[in-house]
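Here are the chains, one letter per residue:
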Amino acid sequence: MPDAVSRWLEAGQQALEAGRFPEAATAFALVRDAMPRDVSIAIALANVYRLAGDVLMARATLRASHASGAWVDPSIAFALGAALLEAGAPLEAAACFKHVVSLMPHNPAALGALAGAMRTMGDPAAGWPLMHRAITKAPADPALLLTAAQLRHDLGDPAGAMRWLDRADAVRPNHAATHLQRAYTLLLGGASAAGWRAFEARPLPTPATTARAWNSEPLQGASILVTAEQGVGDQFQFVRFVSHLVARGATRVVVECHADAVSLLMHSGLDAVARGAPPETDWHVPLLSLPHRLELHDNVLGNRVPYLRAAGTRSVAPSGDRAARRFGLVWAGNPSFVGRVTRDLDPALLPVIVDIPGIEWVALQHGDAGNVSIDRLQRIALSPDWSATAETLAGLDGLVTTDTGIAHLAGAMGIPTWVMLQHVPDWRWGLHGTTTPWYPSMRLVRQSRPQDWLGVVDALHHLLTEIPS
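Residues numbered from 1 in each chain as written. Predicted model: local features only at pLDDT ≥ 70, side-chain atom pairs only at ≥ 80, totals over all residues. Heavy atoms only, no water.

Enquirer: How should I be thinking about the sheet that holds strand β6 (residues 325–330) in this particular structure?
Expert: For sheets, the rule is that strands pair by backbone hydrogen bonds, running either parallel or antiparallel. One open sheet accounts for 6 strands, arranged β8-β7-β6-β9-β10-β11; its pairing is parallel. For this open sheet the edge positions go to β8 (377–379) and β11 (442–446), each flanked by a neighbour on one side alone. Along the sheet, successive strands turn relative to each other by an average axial angle of 25 degrees, direction set aside. Lying on the sheet, helix α20 (residues 405–413) is in contact with β6, β9 (398–402), β10 (417–421) and β11; it crosses β9 at an angle near 150 degrees. (Pairing = 2+ DSSP bridges. Helix = DSSP H or I, 4+ residues; strand = E, 2+ residues; numbered from the N terminus. Axes fitted to C-alpha atoms, helices over the stretch in contact; angles between N-to-C directions. Contact = heavy atoms within 4.5 Å.)

Enquirer: Teacher, can you tell me more about the packing of helix α2 (residues 21–34) against helix α3 (residues 39–51) here?
Expert: Packed helices, taken two at a time, are described by the angle their axes make and the gap between the axes. Packing of α2 against α3 brings their axes to within 9 Å, and their N-to-C directions diverge by 160 degrees. Taken together, the axes of α2 and α3 lie roughly antiparallel to each other. In this structure, α2 meets α3 at a crossing whose hand is left-handed. Contacts between α2 and α3 involve Phe21, Ala24, Ala25, Phe28, Ala29, Val31 and Arg32 from the former and Ile41, Leu45, Val48, Tyr49 and Leu51 from the latter. (Parallel < 35°, antiparallel > 145°, perpendicular 65-115°, else oblique. Left-handed = near helix turned anticlockwise from the far one by under 90°.)

Enquirer: Would you explain the pairing of strand β2 (residues 223–227) in this entry?
Expert: The side chains of a regular strand alternate between both faces of the sheet. With 5 of 5 residues buried, β2 lies mostly within the body of the structure. Going residue by residue along β2, you find Ser223, Leu225 and Thr227 tucked away on one face and Ile224 and Val226 tucked away on the opposite face as well. Two strands pair when backbone bridges link them, and β2 and strand β3 (residues 252–257) are joined in this way by 4 bridges, in the parallel orientation. Looking at β3, one finds that Leu225 is bridged to Val254. (Buried < 20%, exposed > 50% of the residue type's maximum accessible area, 1.4 Å probe, protein only.)

Enquirer: What should I look at first to understand the environment of Ala64 in this one?
Expert: In this fold, Ala64 is placed in helix α4 (residues 55–68). For Ala64, a relative accessible area of 48% gives the class partly exposed. In this structure, the C-alpha to C-alpha distance between Ala64 and Arg37, residues 27 residues apart in sequence, is 9.7 Å.

Enquirer: Teacher, can you tell me more about α4 here?
Expert: The periodicity of an α-helix, 3.6 residues per turn, causes residues three or four places apart in sequence to face the same way. Between its first and last C-alpha atoms α4 spans 20 Å; for 14 residues at 1.5 Å apiece the expected length is 20 Å, and the two agree. For α4, the full list of buried residues reads Ala58, Arg59, Thr61, Leu62, Ser65 and His66. Looking straight down α4, one finds that the buried residues subtend no more than 160 degrees of arc, so they occupy a single side. Those residues of α4 that are buried are in contact with α2, α3, α5 (74–87) and α6 (90–103). (Expected span 1.5 Å × (residues − 1). Arc of directions from axis to C-beta.)

Enquirer: What should I look at first to understand the pattern of salt bridges in this one?
Expert: Side chains carrying opposite charge are able to pair once their charged atoms draw close together. Tallied over the entire structure, the rule returns 20 salt bridges. Among the salt bridges present, the one from Asp426 reaches Arg343, with a minimum N-O distance of 3.4 Å. Residue Asp426 is found in the loop between β10 and β11, and its partner Arg343 is found in helix α17 (residues 340–343); the two are separated by 83 residues along the sequence. Owing to a relative accessible area of 17%, Arg343 belongs among the buried residues under this scheme. Salt bridges linked by common partners bring Asp234, Arg343, Asp403, Asp426 and Arg428 together as one network. (Salt bridge = Lys/Arg side-chain N within 4 Å of Asp/Glu carboxyl O.)

Enquirer: Looking at this model, I keep getting lost on the sheet that holds strand β1 (residues 212–213). Mind explaining?
Expert: Pairing is parallel in the open sheet, where 5 strands are placed in the order β1-β5-β2-β3-β4. In this open sheet, the two strands that pair with only one neighbour each are β1 and β4 (271–274).

Enquirer: Can you help me understand the packing of aromatic side chains in this one?
Expert: Any pair of aromatic rings gets described here by the distance separating the centres and the angle formed by the planes. Per the counting criterion, the structure on display carries 16 aromatic pairs. Ring centres of Phe327 and Trp418 lie 5.4 Å apart, and the angle between their planes is 20 degrees; on these two criteria the pair is classed as stacked. Taken together, the positions of Phe327 in strand β6 and Trp418 in strand β10 put the pair 91 residues apart, joining distant regions of the chain. Taking relative accessible area as the criterion, Phe327 reaches 2% and is therefore assigned buried. Connected via pairs of aromatic rings, a cluster forms that spans Tyr184, Trp196, Phe199, Phe238, Phe241, Trp427 and Trp438. The ring centre of Phe199 lies 4.6 Å from the NZ or CZ of Arg202, which sits over that ring. (Phe/Tyr/Trp six-rings, centres within 6.5 Å; stacked < 30°, edge-to-face > 60°. Lys NZ or Arg CZ within 6 Å of the ring centre and 35° of its normal.)

Spelled out as structure tokens, the structure:
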């Protein structure tokens, strides 16, 4: 190894250990450029990007390494596949694992990894036979048992998933990821005490303050911080529970949130601060722990909707018939979210949606996914601040969207909303039905089988055509 490369590698490792991730990324990138076919360096660089919060760069780095083809060794292919899967590139991950299986057809870890990649690609039916082969060879492997449960969950078989989770628990008790999958499967059947209790197995945020963790203690005369966690959609969905802390006697309830949602929450009557700079309070509680620690069980407070409101109305000028209804349209989520592979709508189907008569469509899609040119899809200036998005929604007649943050904002505002869902969606939407107790103004449009977005668009076409103007 050339001296310069050794120095870059050492500098990158030192910066990584010190938590200086941008500096570490710069050093490891130099090493990668000098050794472009070294997969281990690409994996290390991607890990640094991930630690720095840049999932897109991590994904791009790993995809470039996959494209190099320098992963013929099965151990290298397996490591690259695992990194690709974690970064949200299941197609490339599956190619790596298929290569490993071709060389080691009886290896249960390789079979299980390929099954997991097929699940993440949205094809759990193709993954299940692989998983069955893997478990036949390693029936007591807890990682395989957990993956089997996840596959049954994504096949729409909650009872089967629970049986595999029981087997996984018997082999590896008190395993956080297993408990968390149990929570997802329980909550897929609806909010419940058991589901919220199991949901506590997720990584819980802890603020850098002297506040004590709140576990349903009396709050009379006390202050409490509700700590931010997960995505902005979770924030909009769960902030409804904050009012119950006031009802418990708290004198001040501070809600930590994404910086671009502070003004929206403040206008909605909440004491909001940007995440990362919490004030001192007596207590703290994670936002998504509120239904459990408030002991609300199956009560998701749907009767409190709407609970978020816009500061005003941002009118969207009609582009055609002034009598037409105007709907917002969103077809893709946050590009850094690893699950968007199955949640995002194929943009090729957008012309079918905008062809629905009697509706003027307004694109509310952010990011590169919004760079599509379609007749009858009006473009407006978009703001990254959620208060501006709320004002735009307030000026429209409805919203059609995939499962992403704006769906929760519109639902929390009481805006008529149609959410296009994958066959087995995220736990909060349940397995069946066209309505949700979380948002009374929302209608769910589900795939009848995996990856059937055309069926969703056809159903949406009928639903919106039948609505009176």
